[in-house]
There are 2 protein chains.
Amino acid sequence: MNALHIDWQPDKTLALPVYQQITDYFQRAIASGDWPMGAKIPSQRKLAAQFGVNRSTLITALDELVAVGLITSTPGSGMTVSGNHWSSLLAEHVNWAQYVQAGQFKPNSHAIQKINQFETDDVIRLSTGEPAPDQFPRALFQKAFDHLGQNLTSLNYTEPAGILALRQQIARHLAKVGIHTSADNILITSGSLQALQLVSMSLFPKDATIYTEAPTYVKSLHVFQSAHTHLAGVPMDNQGMAYWQLTPPAKDSHAIMYTIPTFNNPTGIVMSAERRQQVLAYAQDHRIPILEDAAYQDVWFDQQPPQPLKALDETGNVIYFGSISKSLAPGLRIGWTVATKPVIDRLTDVRMQTDYGASSLSQLVLAKILADPEYDTYQAHFREVLSHKAEAAQVILHRYWDDFATWDAPQGGFYLWVRLADRINIQKLFDLATAQNVLFNPGSIYDFQPNQYIRLSFSYESTERFEQGIRILTSLIKENF
Amino acid sequence: MNALHIDWQPDKTLALPVYQQITDYFQRAIASGDWPMGAKIPSQRKLAAQFGVNRSTLITALDELVAVGLITSTPGSGMTVSGNHWSSLLAEHVNWAQYVQAGQFKPNSHAIQKINQFETDDVIRLSTGEPAPDQFPRALFQKAFDHLGQNLTSLNYTEPAGILALRQQIARHLAKVGIHTSADNILITSGSLQALQLVSMSLFPKDATIYTEAPTYVKSLHVFQSAHTHLAGVPMDNQGMAYWQLTPPAKDSHAIMYTIPTFNNPTGIVMSAERRQQVLAYAQDHRIPILEDAAYQDVWFDQQPPQPLKALDETGNVIYFGSISKSLAPGLRIGWTVATKPVIDRLTDVRMQTDYGASSLSQLVLAKILADPEYDTYQAHFREVLSHKAEAAQVILHRYWDDFATWDAPQGGFYLWVRLADRINIQKLFDLATAQNVLFNPGSIYDFQPNQYIRLSFSYESTERFEQGIRILTSLIKENF
Ligand SMILES: Cc1ncc(COP(=O)(O)O)c(C=O)c1O
Ligand SMILES: Cc1ncc(COP(=O)(O)O)c(C=O)c1O
């Protein structure tokens, strides 16, 4: 076999070390199937010349590739692509089109893989949808840990639907927003994302259409699309989903609605109380079950948002998803699903076959914290700080970006949804910003078509770091567009 | 519409309260689609007569059914099956045959649903594959909680593959059994079951054949079967999988091997060192990637088992699954997968789209405990107690069951795999035992054909309770078979 042909070079202007760019390149080439197993890799001399790097950098990269098993080095006959059978299965899978029928899972978009990978490094994270570390209520946790340290007598698998004490606390918590339910109608999941995944595995009929706001959080993942369904984007106005603009489902075809009515991710739009009634009635008329994603329910600024759809739902047509990730701690990985008993039972059964339940430790700690009378005090303070950060972020944007950016003031949530002037190429800005250690989310990953938006999180970073990030972006915009 | 026809009656000899048998019956009838939405339910008078129960019992049941939204009560026109659209989707789904093509998830077997449901009640659990609560090392946990209470500064999403400190501890832990790997080749999952689920979503080609020991743990779930694959059982001898008896995969068809070489669940068989080499070579020759499930790796009695397949694997052909569930605490929900980098990256990417990672809290606590020098002391003690319980359980079985049961002495793990005399109807024994609050696992749920085995766990219950359970089973066997 002839040696592989290579016409790629590392980009020395990037922050990512050159040797790592090389290992990434090899990995992509092998995983994509471009380089079949057994293929001969050019000599070190040729590779160094092609890549324009010195021998020692190249050897660092090759050593790592050998160590992780991607390439095999045989004295005498040089290096070849390793012959392990998983790599070869993998190679076929990355060719998604071939496997779409098998319901296998799609890889994440390039921008998101990059964000996932970089978010752990020392970068300014205007991308991160998490509470700021300095808002972490350590005292509340410490109390819960102390209690457990003294009282825990085992840590075994829990009841299939989740620990009863936690489900009871959640039921109490939900009553405050008008959802009157009982522990029996609640399933605890590993974050609300897992609940979406369970629903799509357990309840979506093949070829169903999922109506959803455009843009929407779920477009940025493949949690629904990998289940043989079609996402259909529905436009929004400032009252929420413009449901009358959706093409009604054909008779005998299955349709489901997924909505984030409260502080939509990414736009921040809140569906009005009136629109909620209309959407419910429309869905009822057209026999469309509703998935209500309420991840941001508790992070309002001055005024509580309208009641959830689930609070208005009299027929059991709405499945409601809550999460502790946005108001307390995503690392607990706790979410809750509220639905009729048969739906809860079906989801519970499937979850018992896929991971046996969420961490008992997380569940016990959260049950304790939700039962603590100081939790409400913490929440009020958390919201106040968040709302100040939202204001401060907008003051900063006005200072630097008024010439080329517009946005609506959010009433809750973590994000500013910012429209940039048409001359600014957002993909290019994203790449330039990443190289300068500033991360934001391009709006297109949430949308059904390209757009001129970016999503900026004001929640995670301090206001100082937010400003620092905006200053870097401002220079990049002024220099390049 | 005429009222529904009902010819079922509650079984008053069961421990399950009659009103609950009624709600279960309604639920099954509705979820199965037998009772379409809008269907009219007979009057209370007729129902009470049909069921042979008094009015107040019936009303308790009906109230609950109304509360969970399964039936609707309209003054004047009586009760009807609720018209929520999820129930109707669900009803279609329970007809699995219709949806097999969509890759949707199958419901659990009846016996397992029953076990899942009953295990939380006050029954003698000879079914439970968990460490005994009285072996729980509270002091180790308390130290970890104290540390976290004082030092935790946030609890956010973690690195996509899991917290680095934990992956490093796992790598160190694995070196002790001969697997030399690094944090980069490890993915932390929510228990090892989630890892199996991720692999089946991410790496299994459509229509692949999965070779596995018969009987096997994975036959009792649908984690593999729901991904369009065929499980093919391979017989075992006392050295492990008799791989030469498997029909080699057809050319161009995909085949994968799943094995539990160490303390196979349910049989307890350990694959010998020699067989491990042979299986690896066979798989290599036939281009069959291997999944090695090592959930019971650390729970040996007198002698460490042979090295894992992964320790012998030079080509990256083996994916190894470890778990903390059997040697410390299943409630942490922590497992680890060891594989080549491209495989780890692919699994990590899919897991980021399905649940954003395992509980950070569980990960931090486990990293701390594994780093504690006292962990090894705990482990040694844990194994010693477990091995004594295994012996005691066998003394008890010999005392009561020598006339009609045989088994091999296990060298590790949690289970006795017991063959009962042919005259004993195991399904009937299971139902009788459940009614007497004793749970065991019928062997057939693990097998590819009916068998005369049951799986008894000696791990979870105390030896006293084990004996009590065996005494109840003995009476049932003597009276009924
Ligand atoms: C709208 C929405 N739903 C669900 C989630 C999932 O969060 P978790 O799985 O942590 O509950 C997110 C997180 O970003 C979100 O923005
Ligand atoms: C062989 C085997 N593998 C995997 C598991 C899953 O355990 P966990 O998800 O808790 O790691 C079990 C649990 O019973 C098991 O017996």
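Just so it is clear, the structure is predicted and the values come from calculations on it, not from any experiment.

The rules behind the values
Along every chain, residues carry numbers that run from 1 in the direction the sequence is written. Labels are handed out in written order, letters beginning with A for the chains and numbers beginning with 1 for the ligands. Note on the predicted model: pLDDT of at least 70 is required for a residue's local features to be given, and 80 or more for side-chain atom pairs to be given and counted; whole-chain, interface and lining totals, by contrast, use all residues. Only hydrogens and water are set aside; all other atoms, that is, all heavy atoms of the structure, feed into the side-chain values. Secondary structure elements are defined from DSSP: runs of H or I of at least 4 residues count as helices, runs of E of at least 2 residues count as strands, and each element is numbered from the N terminus. When we talk radius of gyration, it's over C-alpha atoms, and the globule rule is simply 2.2 Å times the number of residues to the 0.38. With a 1.4 Å probe rolled over the protein chains alone, any residue whose accessible area is under 20% of its type maximum counts as buried; one over 50% counts as exposed, and the rest are partly exposed. Contact between two residues is taken to exist if any of their heavy atoms lie within 4.5 Å; hydrogens are not considered. Here the buried area means the combined drop in accessible surface, using a 1.4 Å probe, for two parts upon being joined, counting both sides. Salt bridges, as used here, are contacts in which a Lys or Arg side-chain nitrogen is within 4 Å of a carboxyl oxygen on Asp or Glu. Counting of polar contacts relies on pairs of N or O atoms within 3.5 Å, with two restrictions inside protein: one atom must be capable of donating a hydrogen and the other of accepting it, and residues adjacent in sequence are counted only when both atoms are side-chain atoms. Residues are grouped as follows: nonpolar covers Ala, Val, Leu, Ile, Met, Phe, Trp, Tyr, Cys and Pro; charged covers Asp, Glu, Lys and Arg; every other residue, Gly included, is treated as polar. Any residue with a heavy atom lying within 4 Å of a molecule or strand is counted as near it. We get accessible surface area from the Shrake-Rupley algorithm with a probe of 1.4 Å; when it comes to residues, only the shown protein chains can shield them. As used here, the arc belongs to the directions running from the helix axis to the C-beta atoms. Centres within 6.5 Å are what make two rings of Phe, Tyr or Trp a pair, Trp counting through its six-membered ring; a difference in plane orientation under 30 degrees is then read as stacked, over 60 as edge-to-face, and the rest as tilted. Whether a charge lies above a ring is judged from NZ of Lys or CZ of Arg, which has to be within 6 Å of the ring centre and within 35 degrees of the ring normal. Criterion used throughout: strands pair if DSSP finds at least two bridges between them. Note on definitions: angles span 0 to 180 degrees between N-to-C directions of axes, and those axes are lines fitted to C-alpha atoms, for helices only across the stretch in contact.

A. Up close: the overall build of chain A. Counting its regular elements, chain A contains 16 helices and 17 strands. Radius of gyration (C-alpha) of chain A: 25 Å, near the 23 Å computed for a compact globule of 481 residues. Along the first, second and third principal axes, the C-alpha atoms of chain A reach 75 × 60 × 55 Å. Out of the 481 residues belonging to chain A, those deemed buried represent 62%. Of all intrachain contacts in chain A linking residues separated by at least 6 positions in sequence, the fraction that spans at least 24 positions is 73%.

B. Up close: the interface of chain B and chain A. Listed as interface residues are 105 residues of chain B and, on the opposing side, 104 residues of chain A. A buried area of about 8,900 Å², summed over both sides, lies between chain B and chain A, and 59% of it is on carbon and sulfur atoms. If you look at where chain B meets chain A, you find zero salt bridges. On inspection of chain B and its partner chain A, the count reaches 26 residue pairs in polar contact (both at pLDDT 80 or more). At 10 residues, the largest contribution of residues to the side of chain B that touches chain A is made by helix 12 (residues 341-354) of chain B. Tallied by class, the residues present in the side of chain B that touches chain A amount to 49 nonpolar, 41 polar and 15 charged.

C. Highlighting the site of ligand 2. The immediate surroundings of ligand 2 are formed by 15 residues, with Tyr157(A), Asp293(B), Tyr296(B), Ser323(B) and Ser325(B) found nearest. The environment of ligand 2 is shared, with nearby residues belonging to chains A and B. One of the side-chain N or O atoms of Ser192(B) is found 2.7 Å from an oxygen atom in ligand 2. Tyr296(B) is positioned such that a nitrogen or oxygen atom in its side chain is 2.7 Å from an oxygen atom of ligand 2. Alone, ligand 2 offers 400 Å² of accessible surface; in the complex the protein occludes 97% of this.

D. The site of ligand 1, seen in detail. By nearness alone, 15 residues border ligand 1, and Asp293(A), Tyr296(A), Ser323(A), Ser325(A) and Tyr157(B) come closest of all. Ligand 1 is flanked by residues contributed from chains A and B. Within the side chain of Asp293(A), one N or O atom sits 2.6 Å away from a nitrogen atom of ligand 1. Tyr157(B) is positioned with one of its side-chain polar atoms (N or O) 2.7 Å from an oxygen atom of ligand 1. Compared with its free state, where it exposes 400 Å², ligand 1 has 97% of that area covered by protein. For the shell around ligand 1, the element with the highest residue contribution is helix 9 (residues 191-202) of chain A, accounting for three residues. The class makeup of the residues in the shell around ligand 1 is seven nonpolar, five polar and three charged.

E. Summary view of helix 15 (residues 426-435) of chain B. Residue and element names in this part refer to chain B. Among the residues of helix 15, those classed as buried are Ile426, Leu429, Phe430, Ala433 and Thr434. Taken end-on, helix 15 shows its buried residues confined to a sector of 130 degrees, consistent with a single buried face. Structurally, the start of helix 15 carries an N-cap: the backbone nitrogen of Gln427 is 3.1 Å from a side-chain oxygen of Asn425. Positive phi shows up at Asn437, right after helix 15, with a value of about 65 degrees.

F. Broad picture of the packing of aromatic side chains. Throughout the structure, instances matching the rule amount to 43 aromatic pairs over all chains. Look at Tyr243(B) and Trp244(B): their rings are 5.3 Å apart centre to centre, the planes differ by 85 degrees, and that puts the pair in the edge-to-face class. A connected cluster of aromatic rings, assembled from ring pairs, spans Phe136(A), Phe141(A), Phe145(A), Phe136(B), Phe141(B) and Phe145(B). Sitting above the plane of the Phe448(A) ring, Lys219(A) keeps its charged end 5.3 Å from the centroid. The positively charged end of Arg455(A) is found above the aromatic ring belonging to Tyr415(A), 3.7 Å away from the centroid.

G. View of the sheet that holds strand 17 (residues 453-457) of chain A. Residues and elements named next belong to chain A. Read across the open sheet, the four strands follow the order 13-14-17-16; overall the sheet is antiparallel. The sheet terminates laterally at strand 13 (405-406) and strand 16 (441-442), the two strands that pair on one side only. When strand 13 meets strand 14 (residues 415-420), the two strands line up antiparallel, connected through two bridges. Looking at the pairing, Ala405 lines up with Leu420 of strand 14. Here helix 14 (residues 374-401) sits on the sheet and contacts strand 13, strand 14 and strand 17; the angle it forms with strand 14, its principal contact strand, is near 15 degrees.

H. Expanded view of the sheet that holds strand 9 (residues 255-259) of chain A. Residues and elements named next belong to chain A. One open sheet accounts for seven strands, arranged 4-12-11-10-9-5-6; its pairing is mixed. Where the open sheet ends on each side, the last strands, each with one partner, are strand 4 (186-189) and strand 6 (230-234). Geometrically, the sheet is characterised by an average inter-axis angle of 20 degrees between neighbouring strands, direction not taken into account. The pairing of strand 4 with strand 12 (residues 335-338) spans four bridges and is classified as antiparallel. Bridge assignment links Leu187 to a residue of strand 12, and that residue is Thr337. Helix 8 (residues 164-175) rests against strand 4, strand 11 (318-323) and strand 12 of the sheet, and its axis sits at about 110 degrees to strand 4.

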